[in-house]
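# Observations on chain architecture
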Amino acid sequence: MRPSLPRELHDLLERGRDRQLRLAVTGLSRAGKTAFLTSLVNQLRHAGLETRLDLLPAAREGRLLGARRVQQQDLGVPRFPYDQAMAALDAEPPRWPDPTRGISELRLTLRYRPSRSGLFGGETRQLTLDLFDYPGEWLLDLPLLGHDYLSWSETQRHDGGSERAALFADWRAAVAKLDPAEEVDEARLAEIAEHYASGLRAAREAGFADLQPGRFLLPGELEGAPVLQFFPLPGIAEADRETLTALPAESLYATLARRFRHYQQHIVRPFYREHFRRFDRQIVLVDVLGALNAGPERFEDLSRALSRLMQSFDYGKRSLLTRLFAPRIDRLAIAATKADHVTPEQHGRLVALLEALLAEPLKDLRFSDVPVKALSLAAIRATEGREVNQQGRRSPALRGTTLDGESRLLFPGEVPDRLPRADFWARQGFAFTAFRPLPREPGTPLPHIRMDAALDWLIGDKLS
């Protein structure tokens, strides 16, 4: 590239030559996005020296020469904190990196030899890989683009006798006294909005996933701004639309609807337009085991959140013109994370459960002829497999160190290969324990399960 050539034009040309790829790493809170990105960079950085990437042909065949971090295009977005993440993993004892708190990105340049050499045999090529990370909480806002305030309110009742509803008891008690037509009291509105945000935070801590608006959970620079001071009105319905829309601008309903619209148009839509619509490929990380361990209400909540989220992405094949000017996600991976928390013979069942959890979105993707692959992985291993003699039988088990430093041998139980029925929940047949990352020798690649399979699906065709 000539030094005078603008970076934007260079990137456009590289996209046209199919030598630049934009990969989104997405998933809800606690799905393991930071661990995945850290491991991905670490594996590629080691690929030219020693390989644990046997399922990635370019690495297995010695054609992948390695990767280097380079300056990213958008200097206004924080760089993904890879060095800080590695420092946490290399600490004594090792600890998990801090979770994502905002947008970050990282650009890698990969050097490789194509599988079919040119006339001179020693040809090398480069692939620019842009990686993007976002808080899982912010992803939950994307489905809001398909609603107006009234329709969104109808989806956010938080009623009934469920555990989730109990977490919103203070908000429901406060909002029950409101009349949509009354003149808005700004102080009271802010107070009730905080009750609603407190319910969202409590639900997140309790393991629920389907939580909107997501910025209420990670407000950042919007903390205290009126755009985050709204909430649903559970007593309103579509049949009342004409009456509600005729209310004066100073009414409670009109104020809440206006703030919802501002949030939708000035917070959510730019986030989608500036970032998600520009991705080429995507991996969606899902903590299936955490939801399975938490019980039926949280498991169903995760399924609902993922189904809504998957409908928000723009999937489809691309021509050269769409690649240059209107990128769409043309290949998708869906991964059940933390596979090292079950024994290897259960990994297939974990994938089957993931596919059952996302059955409807997967049907839509396959109908649209979008290549999609479901897999299980552990981006950074936290356990080692063992066989234990139990009453004369060899039984698979796992050994790891818990977060409080206790070495533990675990028999995690059986993962269902379909959506759990009532009898599974009745016997509580699965036990999940959080472990520290495995220690390793300095300078060696991070131990993983099937990161090479994920890399092959996401970028392997670009390295052929």
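What counts and what doesn't
Residues numbered from 1 in each chain as written. Predicted model: local features only at pLDDT ≥ 70, side-chain atom pairs only at ≥ 80, totals over all residues. Heavy atoms only, no water. Helix = DSSP H or I, 4+ residues; strand = E, 2+ residues; numbered from the N terminus. Expected span 1.5 Å × (residues − 1). Buried < 20%, exposed > 50% of the residue type's maximum accessible area, 1.4 Å probe, protein only. Arc of directions from axis to C-beta. Contact = heavy atoms within 4.5 Å. Core = buried A, V, L, I, M, F, W, Y, C linked by side-chain atoms within 4.5 Å. Phe/Tyr/Trp six-rings, centres within 6.5 Å; stacked < 30°, edge-to-face > 60°. Lys NZ or Arg CZ within 6 Å of the ring centre and 35° of its normal. Polar contact = N/O pair within 3.5 Å; in protein donor to acceptor, adjacent residues only side chain to side chain. Salt bridge = Lys/Arg side-chain N within 4 Å of Asp/Glu carboxyl O. Pairing = 2+ DSSP bridges. Axes fitted to C-alpha atoms, helices over the stretch in contact; angles between N-to-C directions.

- Per an unreviewed UniProt entry, the chain is named YcjX family protein, and its organism is Halomonas saccharevitans.

### Some points on helix H9 (residues 186-205)
- Over its 20 residues, H9 extends 29 Å from the first C-alpha to the last, a length consistent with the 28 Å expected when each residue adds 1.5 Å.
- Looking at H9, one finds that the buried residues are Leu189, Ile192, Ala193, Tyr196, Ala197, Gly199, Leu200, Ala203 and Arg204. The arc enclosing the buried residues of H9, seen along the axis, measures out at 150 degrees, which places them on a common side. With respect to the buried face of H9, the exposed residues turned more than 90 degrees away are Ala187 and Glu205.
- Against helix H5 (136-139), helix H6 (149-155), helix H7 (163-167), helix H8 (169-175) and helix H11 (252-274) lie the buried residues of H9.

### Some words on the nonpolar core
- Ranked by size, the top nonpolar core spans 86 residues in total, and within it Tyr149, Phe231, Leu233, Tyr253, Val286, Val288 and Ile334 carry the most contacts.
- Broken down by element, the residue count for this core peaks at ten residues, all from H11.
- Residues in contact with phenylalanine 231, not counting those within four places in the same chain, are Tyr149, Trp152, Trp171, Val175, Leu178, Leu189, Ile192, Ala193, Tyr196 and Leu256.
- The next biggest cluster of nonpolar side chains, apart from the first, holds 45 residues, and it includes Leu23, Val25, Phe80 and Leu285.

### Let's talk about the packing of aromatic side chains
- Taken as a whole, this structure holds 19 aromatic pairs when the rule is applied.
- Geometrically, the ring pair formed by phenylalanine 216 and phenylalanine 230 is edge-to-face, given 5.3 Å between the ring centres and 75 degrees between the ring planes. On the criterion of sequence distance, the pair formed by phenylalanine 216 in the loop between H9 and helix H10 (241-245) and phenylalanine 230 in the loop between H9 and H10 is long-range, its members being 14 residues apart. You'll find phenylalanine 216 and phenylalanine 230 in the same group, each marked buried.
- Aromatic ring contacts, followed pair by pair, group Tyr149, Trp152, Phe168, Trp171, Tyr196, Phe216, Phe230, Tyr253, Phe260 and Tyr263 into a single cluster.
- Above the face of the tryptophan 138 ring, arginine 215 is positioned so that its terminal group lies 3.5 Å from the ring centre.
- Note that arginine 331 overlies the ring of tryptophan 457, its terminal NZ or CZ placed 4.4 Å from the centroid.

### Side note on helix H15 (residues 347-357)
- If you check which residues of H15 are buried, you get His347, Leu350, Val351, Leu353, Leu354 and Leu357. Viewed along the axis of H15, the buried residues span an arc of 160 degrees, placing them on a single side of the element.
- Contact partners of the buried residues in H15: strand S5 (281-286), helix H12 (288-294), helix H13 (296-310), strand S6 (331-336), helix H16 (359-367) and strand S7 (372-376).

### Comments concerning the side chain of threonine 444
- Along the chain, threonine 444 falls in the loop between helix H17 (422-427) and helix H18 (451-459).
- The buried category is assigned to threonine 444, whose relative accessible area is 18%.
- A distance of 2.6 Å separates a polar atom in the side chain of threonine 444 from the backbone oxygen of glutamate 441.

### With respect to the pattern of salt bridges
- Throughout the structure, instances matching the rule amount to 31 salt bridges.
- As a salt-bridge pair, arginine 298 and glutamate 163 come within 2.6 Å of each other at their nearest N and O atoms. Of this pair, arginine 298 sits in helix H13 while glutamate 163 sits in helix H7, placing them 135 residues apart in sequence.
- On the basis of relative accessible area, arginine 298 is assigned to the buried category, the value being 10%.
- Among the residues examined, glutamate 163 registers a relative accessible area of 39% and is labelled partly exposed.
- With a closest N to O distance of 3.3 Å, arginine 418 and aspartate 417 form a salt bridge.
- Judged by relative accessible area, arginine 418 falls into the exposed class, the value being 52%.

### Some words on the side chain of serine 39
- Within the secondary structure, serine 39 sits in helix H2 (residues 33-46).
- Under the relative-accessibility criterion, serine 39 is labelled buried at 0%.
- Apart from the residues lying within four places of it in its own chain, the contact partners of serine 39 are Ala379, Ile380, Leu446, His448 and Met451.

### A closer look at the sheet that holds S6
- Spatially, the seven strands line up as an open sheet ordered S2-S3-S4-S1-S5-S6-S7, and their pairing is mixed. A strand with exactly one partner marks an edge of an open sheet, and here the two such strands are strand S2 (64-70) and S7. Geometrically, the sheet is characterised by an average inter-axis angle of 20 degrees between neighbouring strands, direction not taken into account.
- Relative to S7, S6 is paired through five bridges, and the arrangement is parallel. Its bridge partner being in S7, alanine 335 is matched across the sheet by leucine 375.

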